[in-house]
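# Architecture at a glance
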Amino acid sequence: MNYMKEKCLTLASILLMITGVYGQDSIKVESAISIETKGTGLLKTSKGNVECITCLLENIQDNPFYHFAIYSGITHKLSINESHYIETGIFLEERSFSGGSNTIDNWVVYPKILLTGKDTFEILNRSIAYKLSGGDFWNEDFDDMLRIHNLDFQGVVGELGFKGYTIGFLLIGDLSKNIGLGLHQYHKFYVKKELNRLRTTFYLSENQLTDDDQHLVPEDYNIGNNTKFKLSEILELESQLEFRINQEIKTSFAGGIGIEGQVKNLRFASRLKYYQSNFNLGYISNEVSYRGSSSYVGEQLYPLKNYYRTYSQWGNYTKSQNVDLLGFELNAAWEKKIGKRLTFFTDIDLNIIGNPKTQTGNTIPLYSLGIKTNYFKFLRTEFFFTNKHMNLDTFYQTFQASKRPFFGGSVILEMERIHLKRRTLLNMI
């Protein structure tokens, strides 16, 4: 596992160093930082408002946000000739004020490192574009609404582009450890075509599976297509169809359609997904732990920043094995100014997942509504009611929904791309 990660990052570093600056008279260097800080606390009353809607246990389990949890991160981005980037970040967490500020188990520090190079080169008087990225990818869009989305992982992406066509690969190291999906290594190879408002991607993925009883073979393959069509500046459609090819189980498939857009102060996204029973067979593992015996950190970290994401993940479907699943997902966020600095807001994250044959399943309705005060564009406080809670007790980073809402408050600071320095250097090569 570690060898795979080191090899990918080394490859990315070498290619970045050797491809960018030859033949140029000068080098344009830009330096910028981004800062984000979010702290949230949920009020757990003595009367006990912890009854859960769809938990394995009857009640919501203890988590950092009952004791006010805060994280802060600073990310530095170094740009070279607007084509090569080195992004380096450090994130700090105080996962609970319970026990006092000097309780070491409540402290967490982790990095973000991402190297990217993109440019063009000439072959037979034809211009070829390339891109190579390696490092930490956080919740990035890889044209996949069925499996690899809303995830953090270490990996490498490489692409070559010519006349609107792109061929590329995506390598991911060991999701079976970072997230308990029973997927050891993931190798995806794809061809993408962009034409006006249409982008379509055909792909083949090799799945190197974990060596346990969940999988019948050490590897199998998926083939599929993802297509996105921009209806207008505010509306986009997406579709995906994927087949799993496994020598021990019959070929199975999954599919999805979705729509995403924004109308004035309303942002929304909705998806309908179907997974045939064998498609997700074996993609579940209980080896991942996000909770220790006396702390909110186990062998793996469930970062506080991921609490502020949506519920939609592949793990929501793989946790139900050997059944066909139909899922409906709806995310909507609306806000309305009610004063000079006051804004009313509400967020809805509705997920319905069930077995279409037995017509049974679960409804997970997550919501928040409240008032936020904007002191500046980058700084605000929020007071709200919510039933969304961090879930540290399953194999992927997800949430629990309480029957009754909790009262909460947040302090949020987000500053993007504060430029520190722009400088032109002579090329010494």
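## Structural notes on the overall build of the chain
- Secondary structure summary: the chain contains three helices and 18 strands in total.
- The C-alpha atoms of the chain give a radius of gyration of 23 Å, which matches the 22 Å a tight globule of 429 residues would have.
- The proportion of buried residues among the 429 residues of the chain is 48%.
- Considering only contacts in the chain between residues 6 or more positions apart, those separated by 24 or more positions represent 61%.
- Here the chain displays about 22,000 Å² of accessible surface, and carbon together with sulfur accounts for 58% of that area.

## Focus on the environment of glutamate 122
- Along the chain, glutamate 122 falls in strand β4 (residues 107–123).
- In this structure glutamate 122 comes out as exposed when scored by relative accessible area, which is 55%.

## Considerations on the side chain of glutamate 30
- Mapped onto the elements of the fold, glutamate 30 is located in strand β1 (residues 26–43).
- Only 3.4 Å separates the side chain of glutamate 30 from the side chain of lysine 28, close enough to count as a polar contact.
- With near-sequence residues (within four places) excluded, glutamate 30 lies in contact with Lys77, Leu78, Ser79, Glu82, His419, Lys421 and Arg422.

## Overview of the pattern of salt bridges
- This model, assessed by the stated rule, comprises 22 salt bridges.
- A salt bridge links glutamate 93 to arginine 95, with the nearest nitrogen and oxygen atoms 2.4 Å apart. Of the two residues, glutamate 93 and arginine 95, both sit in the buried class.
- Across the salt bridge formed by arginine 309 and aspartate 152, the nearest N and O atoms sit 2.7 Å from each other. You can see arginine 309 sitting in the loop between β13 (266–275) and α3 (315–318) and its partner aspartate 152 sitting in strand β6 (residues 152–162), a full 157 residues away along the chain. A single burial state applies to arginine 309 and to aspartate 152, both of which are buried.
- Among the ionic contacts, a cluster of salt bridges with common partners joins Asp141, Asp143, Glu159, Lys192, Arg199 and Lys228.

## Things to note about the pairing of strand β10 (residues 219–232)
- Bridge count between strand β9 (residues 198–209) and β10: 11 bridges; the pairing is antiparallel. Its bridge partner being in β10, asparagine 207 is matched across the sheet by aspartate 220.
- As paired strands, β10 and strand β11 (residues 235–245) are joined by 11 bridges and run antiparallel to one another. The residue bridging threonine 227 from the neighbouring strand is serine 239, located in β11.
- Taking the residues that link successive antiparallel strands as the turn, the β10-β11 hairpin has two residues.

## Here's the deal with the pairing of strand β7 (residues 165–173)
- Bridge count between β6 and β7: eight bridges; the pairing is antiparallel. Counted as the bridge partner of leucine 160 is isoleucine 167 from β7.
- Between β6 and β7, which follow one another and run antiparallel, lie two residues, and lysine 163 among them has a positive phi close to 50 degrees.

## Points about a nonpolar patch on the surface
- Side chains of Phe121, Ile123, Leu124, Leu160, Tyr165, Ile167 and Val191 sit close together on the surface and give an oily, nonpolar patch of about 680 Å² of accessible area.
- Mapped onto the elements, valine 191 comes out in strand β8 (residues 183–195).

## Focus: the confidence of the model for the chain
- Here the chain averages 89 in pLDDT, while 91% of its residues score no lower than 70.
- In the predicted structure, residues 14–23 sits below a pLDDT of 50 and forms 17 contacts with residues beyond four places in sequence or in another chain.

## Observations concerning the packing of aromatic side chains
- According to the stated counting rule, one finds 25 aromatic pairs in the structure shown.
- The interplanar angle of 55 degrees and the centroid separation of 5.9 Å between the aromatic rings of tyrosine 275 and phenylalanine 279 together place this pair among those described as tilted. Like phenylalanine 279, tyrosine 275 is buried.
- With centroids separated by 5.3 Å and ring planes inclined at 5 degrees, the aromatic side chains of phenylalanine 376 and phenylalanine 378 adopt a geometry described as stacked.
- Take phenylalanine 378: its relative accessible area is 32%, and that puts it in the partly exposed class.
- Among the aromatic side chains, those forming a connected cluster through ring pairs are Phe65, Tyr71, Phe91, Tyr110, Trp138, Tyr307, Tyr308 and Phe399.
- The ring of tryptophan 138 carries lysine 305 above its face, with NZ or CZ at 4.0 Å from the centroid.
- Here lysine 388 stacks its cationic end above the ring of tyrosine 307, 5.1 Å away from the centre of that ring.

## Let's talk about the environment of serine 289
- Secondary-structure assignment places serine 289 in the loop between β13 and α3.
- Given the relative accessible area of 28%, serine 289 is considered partly exposed.
- For serine 289 and lysine 177, which are 112 residues apart along the polypeptide, the C-alpha to C-alpha distance reads 9.4 Å.
- Every residue in contact with serine 289, bar those within four places of it in the chain, is listed here: Gly298, Glu299 and Gln300.

Calculation notes
Residues numbered from 1 in each chain as written. Predicted model: local features only at pLDDT ≥ 70, side-chain atom pairs only at ≥ 80, totals over all residues. Heavy atoms only, no water. Helix = DSSP H or I, 4+ residues; strand = E, 2+ residues; numbered from the N terminus. Rg over C-alpha atoms; globule rule 2.2 N^0.38 Å. Buried < 20%, exposed > 50% of the residue type's maximum accessible area, 1.4 Å probe, protein only. Contact = heavy atoms within 4.5 Å. Areas by Shrake-Rupley, 256 points an atom, 1.4 Å probe, with all protein chains shown as cover. Polar contact = N/O pair within 3.5 Å; in protein donor to acceptor, adjacent residues only side chain to side chain. Salt bridge = Lys/Arg side-chain N within 4 Å of Asp/Glu carboxyl O. Pairing = 2+ DSSP bridges. Patch = residues over 30% accessible without salt bridge, like charges linked within 9 Å, V, L, I, M, F, W, Y side chains within 5 Å. pLDDT = per-residue confidence, 0-100. Phe/Tyr/Trp six-rings, centres within 6.5 Å; stacked < 30°, edge-to-face > 60°. Lys NZ or Arg CZ within 6 Å of the ring centre and 35° of its normal.

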